[in-house]
Amino acid sequence: MMKNIYLITIFIFLLSGCSITKPAITEYRLSLKDFSSKSYTNTCKDKSLKVSSAFSSNTLMTLEMNYMQDKHKIYSYSQSQWNNSPNQEISSQIFSALRDAKLFESVQNAKSRSRSDLILEINIQDFMQYFSDDLNSSYVRIVMCFTLIDAKTNKSIATKSFSIIKDVESLDAMGGVEALDAGLEEVINEGLEFLSGACR
């Protein structure tokens, strides 16, 4: 009798376990841009550059995909997340763009032990999707600052802020990612133009 009860209990437990399904989480990443075909009027071919890790708020250092509603309330998509944190992804994208653009003699990332002539500091002030209070409209906002520093003197050579706002085509995580992706490409392109001008 006890054996039968024991078997029935295990059977019910297994059935209940099979009925619980964890919702699938979709991961998103930004597309890799190619700036190798771009031409810039001024370059720093005789200078080496180190790209430091970007400064940002803690919310951009996680895989959570956040959005803001009505300028005050921050939420996270429950079934969508980043494949890599926005902070790391943006740093990597800027590094790759600088390497492709060949503005400098060489470009190293923050982990490199080699010394460089110049350092690029990146400050990400905003990189988020925004919704209206009624959820009927959405846009993304990217605000970033580039500062070029002389590695020997630690003095700032040039600094510039970039701000992009783009409307979102579909009111969901995918729409936000596509708009952020397009906006980041514009910011990086403007950043490369700025850095080429700072080499005069």
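A short tour of the structure in this document, coming up. (Residues numbered from 1 in each chain as written. Predicted model: local features only at pLDDT ≥ 70, side-chain atom pairs only at ≥ 80, totals over all residues. Heavy atoms only, no water.)

### Side note on the overall build of the protein
As a reminder of what qualifies: Helix and strand assignments come from DSSP, with helices taken as H or I runs of at least 4 residues and strands as E runs of at least 2, each series counted from the N terminus. Categorising residues by exposure relies on relative accessible area from a 1.4 Å probe, with only protein chains included: less than 20% of the type maximum marks a residue as buried, more than 50% marks it as exposed, and the intermediate range marks it as partly exposed. Throughout, a residue-residue contact means that at least one pair of heavy atoms, one from each residue, lies within 4.5 Å.
Helices and strands together make up the secondary structure of the protein, namely three helices and eight strands. Going from N to C terminus, the protein has its helices and strands arranged as α-β-β-β-β-α-β-β-β-β-α. Classification of the 200 residues of the protein by burial places 41% in the buried group. For the protein, long-range pairs separated by at least 24 residues make up 72% of all intrachain contacts whose partners lie at least 6 apart in sequence.

### Let's talk about the layout of surface pockets
Threshold: Residues are said to line a cavity or pocket when one of their atoms sits within 4 Å of a point; the points come from a 1 Å grid over protein atoms alone, cavities being sets where a 1.4 Å probe fits but cannot get out and pockets being open sets with protein on both sides within 12 Å along at least five of seven lines. Grid points are joined across faces, edges and corners, and a volume is the space filled by probe spheres set on the points. When residue character is reported, Ala, Val, Leu, Ile, Met, Phe, Trp, Tyr, Cys and Pro are called nonpolar, Asp, Glu, Lys and Arg charged, and the others, Gly included, polar.
Computed from the structure, the largest pocket encloses a volume of approximately 300 Å³. What lines the largest pocket is simply Val51, Ser52, Ser53, Asn84, Gln88, Ser91, Ser92, Phe95, Asn109, Ala110 and Lys111. Considering every element that reaches the lining of the largest pocket, the biggest residue donor is helix 2 (residues 86-101), with four residues. When grouped by side-chain class, the residues that make up the lining of the largest pocket number three nonpolar, seven polar and one charged.

### Things to note about the packing of helix 2 against helix 3 (residues 173-198)
What counts, and what does not: Think of each axis as a best-fit line through the C-alpha atoms, taken over the contacting stretch in the case of a helix, with angles from 0 to 180 degrees between the N-to-C directions. Roughly parallel means an angle under 35 degrees; roughly antiparallel, over 145; roughly perpendicular, 65 to 115; everything else is oblique. If you view the pair so one helix is near and one far, a crossing is left-handed when the near helix is turned anticlockwise from the far one by less than a right angle, and right-handed when it is turned clockwise.
Two elements in contact, helix 2 and helix 3, have axes separated by 11 Å at closest approach and are oriented at 50 degrees. Judged by the angle between their axes, helix 2 and helix 3 are oblique. Once helix 2 is placed against helix 3, the crossing between them reads as right-handed. Across the interface between the two elements, Ile90, Gln93, Ile94, Ala97, Leu98 and Ala101 of helix 2 pack against Leu184, Ile188, Leu192 and Leu195 of helix 3.

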